[in-house]
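Analysis of the macromolecular model
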Amino acid sequence: MRLVVGWLLAWIASCAWAQPAMLDVPPIERSIREAYRSEPLAERVEFTVRDARGAERTDTIELRAHAGEEELALRMGGLRVWASDGEVRVADAPDAGRVWSAELGGAPSSERLAVVLPPLVLPQLSSAFGDATPGATTLTPSVRWAFARRSARSVRLVGRDGPIAVTGVVADGRWRRWTATHETEGWSIELRIRSIAEVSSEEWRVMSEGRTPVATLAELRPAPSAVRLATLDPLPLMTMAGRARSWGAHLRTLEPDQIGVILLYRGDDETEQARRRAIEIVGRLATSAPDARVWPVAVFPLAAFQRDRLVAESARWDRKLREGDRLLWSVGLDGTLGRFDANATLQAIAIDRSARVWVSLPVRDNASVEELTQQVVVAARAHRDAMSP
């Protein structure tokens, strides 16, 4: 009997000994900063985005960061990004292609880059530059790490930013895995990160010489893979405050007998008519279908996005939306307009709380504005009747 009891106690002790050790978070954060700021590094990031149904999309970015020189380089499909000396340059892949530049006003932190570039979900940026929590991204800018556990070869950090649960795996002070999961909406983004052979900054640098300067990002030629990544499907929506939102988050604000109308329209200057028609539709629905919620979504092609466009876009909609309706925005055409019609500049979708689509119509002229208004009125009535006891 004593032998059995002794064996059992030894087994329990061995199990307790095998549990990963809990660590203080601040020293781990310091070690991450030191690793990313002590020497140049180059990494490849493989993205996997999963929606609530489990459907996946993948993409890859390569980056080189040198915190001491305040340099950052990115390779995203056919686009090259170079940030140094308080300036960022973006070019297409051909050596004799085009180049766009903008002032950063300092080191290429995620906060400064977000002012001039589409959102980048890269925990390395906050680790190498700026004062944000290491591992924060544009998707999780306020992440706080609750605790850390050490295993044989790595440290696992667990934290959150509101409803988004975040985990990170760090080895030798560098991120090896980073995952964000929305606990109510069901989507997730996973990053797998590995070091690649260090190369000189000259191989990554974007030079202006020999390239044609352009006034806007819209004049570059983005590769399809870069567009897919910027879409962040299934998270194509952003609020004007810069927070990521999914379709589901807005559908849940609908009453059971209510219809929501999503107006996806091109927000770049070349398609001004699409915006005007979207504004006209909002005005018509306010009279014809007053119970319908309306969400205009300004969709910017990857290369056309600039933060100052959001301010201008918001001003154009001033006092044109009813209380409770809001203007949203997105970057990337594939995951928004491209889902319905590759050539459309304005797409209207009437949808109910259960995600049933009642109307889906590309709006190309005044006649289709009238047709859409009538279809939404009919759909709203039919849906209300269907929900009546």
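Everything discussed here concerns the structure shown above.
Described below are features of the structure shown in this document. Counting from 1, residues in each chain are numbered in the order their sequence is written. Only residues with pLDDT of 70 or above have their local features reported here, since the model is predicted, and side-chain atom pairs are shown and tallied only from 80 upward, although totals for entire chains, interfaces and linings are computed over all residues. With hydrogens and water stripped out, all remaining heavy atoms of the structure feed into the side-chain values.

1. Observations regarding the packing of helix H7 (residues 272-288) against helix H9 (residues 366-387)
Lines are fitted to the C-alpha atoms to define the axes, a helix being fitted only along its stretch in contact, and any angle between axes, read from their N-to-C directions, falls within 0 to 180 degrees. Each helix is a run of H or I in the DSSP string that is no shorter than four residues. Each strand is a run of E no shorter than two, and both are numbered from the N terminus. Interhelical geometry of H7 versus H9 gives an angle of 35 degrees and a closest axis separation of 10 Å. In the packing of H7 onto H9, the handedness of the crossing is right-handed. Where H7 abuts H9, its residues Arg277, Glu280, Ile281, Arg284, Leu285 and Ser288 lie against Asn366, Val369, Glu370, Leu372, Thr373, Val376 and Val377. Under the convention adopted here, Pro, Cys and the residues Ala, Val, Leu, Ile, Met, Phe, Trp and Tyr are nonpolar, Asp, Glu, Lys and Arg are charged, and Gly plus all remaining residues are polar. Class assignment for the residues of the contact of H7 with H9 results in 6 nonpolar, 3 polar and 4 charged. Should the near helix be turned anticlockwise from the far one by less than a right angle, the crossing is left-handed, and should it be turned clockwise, the crossing is right-handed. Whether two residues are in contact is decided by their heavy atoms: any pair within 4.5 Å suffices.

2. Let's talk about the pairing of strand S2 (residues 41-50)
When accessible area is computed with a 1.4 Å probe and restricted to protein chains, residues below 20% of their type maximum are described as buried, those above 50% as exposed, and intermediate ones as partly exposed. For S2, the tally of buried residues reaches 7 of 10 residues, placing the bulk of the element in the interior. Pairing between strands is defined by DSSP: at least two bridges between them are needed. Counted along the chain from S2 to the antiparallel partner strand S3 (residues 56-66), the turn is 5 residues long, and its residue glycine 54 has a positive phi close to 95 degrees. Across 8 bridges, the pairing between S2 and strand S12 (residues 188-195) is antiparallel. Along S12, the bridge assignment pairs glutamate 46 with arginine 192.

3. Describing the pattern of salt bridges
When a carboxyl oxygen of Asp or Glu is within 4 Å of a side-chain nitrogen of Lys or Arg, the pair counts as a salt bridge. Taken as a whole and judged by the stated rule, the model has 20 salt bridges. Measuring nitrogen to oxygen at the nearest pair gives 3.4 Å for the salt bridge that ties arginine 211 to aspartate 92. Taken together, the residues arginine 211 in the loop between S12 and strand S13 (212-213) and aspartate 92 in strand S6 (residues 87-92) connect sequence positions 119 residues apart. Overall, the relative accessible area of 14% leaves arginine 211 in the buried class. For aspartate 92, a relative accessible area of 1% translates into the label buried. Residue arginine 160 pairs with glutamate 183 through a salt bridge whose shortest N-O separation is 2.7 Å. One end of the pair, arginine 160, is in strand S9 (residues 155-161); the other, glutamate 183, is in the loop between strand S11 (174-182) and S12, and 23 residues separate them in sequence. The exposure class of arginine 160 is partly exposed, given its relative accessible area of 37%. One salt-bridge network, in which partners are shared between bridges, spans Glu272, Arg275, Arg276, Glu313 and Arg316.

4. As for unusual backbone geometry
At glutamate 70, a residue that is not glycine, the phi angle is positive and equals roughly 55 degrees. Note that glutamate 70 resides in the loop between S3 and strand S4 (71-76). The exposure class of glutamate 70 is partly exposed, given its relative accessible area of 37%. In the Ramachandran plot, arginine 319 falls in the positive-phi region, its phi being about 65 degrees despite a non-glycine side chain. Relative to the assigned elements, arginine 319 resides in the loop between helix H8 (307-316) and strand S18 (328-331). Arginine 319 sits in the exposed class, given a relative accessible area of 81%.

5. Describing H9
Expected span of a helix: the number of residues minus one, times 1.5 Å. Relative to the 32 Å expected for 22 residues at 1.5 Å per residue, H9 spans 32 Å between its end C-alpha atoms, a close match to the ideal helical length. Of all the positions in H9, only Ser368, Val369, Leu372, Thr373, Val376, Val377, Ala379, Ala380 and His383 are classed as buried. Contacts made by the buried residues of H9 are with strand S16 (259-266), H7, strand S19 (346-352) and strand S20 (357-362).

6. Details of the environment of aspartate 172
Mapping aspartate 172 onto the fold places it in the loop between strand S10 (164-171) and S11. Judged by its relative accessible area of 77%, aspartate 172 falls in the exposed class. Once the C-alpha coordinates of aspartate 172 and valine 155 are considered, the two residues, 17 residues apart in sequence, prove to be 8.9 Å apart.

7. Brief notes about the packing of aromatic side chains
Aromatic rings from Phe, Tyr and Trp, taking only the six-membered ring of Trp, are treated as a pair when their centres fall within 6.5 Å; an angle between ring planes under 30 degrees marks them as stacked, one over 60 as edge-to-face, and anything in between as tilted. Taken as a whole, this structure holds 2 aromatic pairs when the rule is applied. Ring centres 6.0 Å apart and planes at 45 degrees place the aromatic pair tyrosine 265 and tryptophan 317 in the tilted group. Of this pair, tyrosine 265 sits in strand S16 while tryptophan 317 sits in the loop between H8 and S18, and the two are 52 residues apart along the sequence. For the pair formed by tyrosine 265 and tryptophan 317, the shared burial category is buried. Charge-over-ring placement is defined geometrically: NZ (Lys) or CZ (Arg) within 6 Å of the ring centre, and within 35 degrees of the ring normal. A cation over a ring is seen here: arginine 75 above tryptophan 204, with NZ or CZ 3.9 Å from the ring centre.

No statement about biological role is implied by the geometric values presented.
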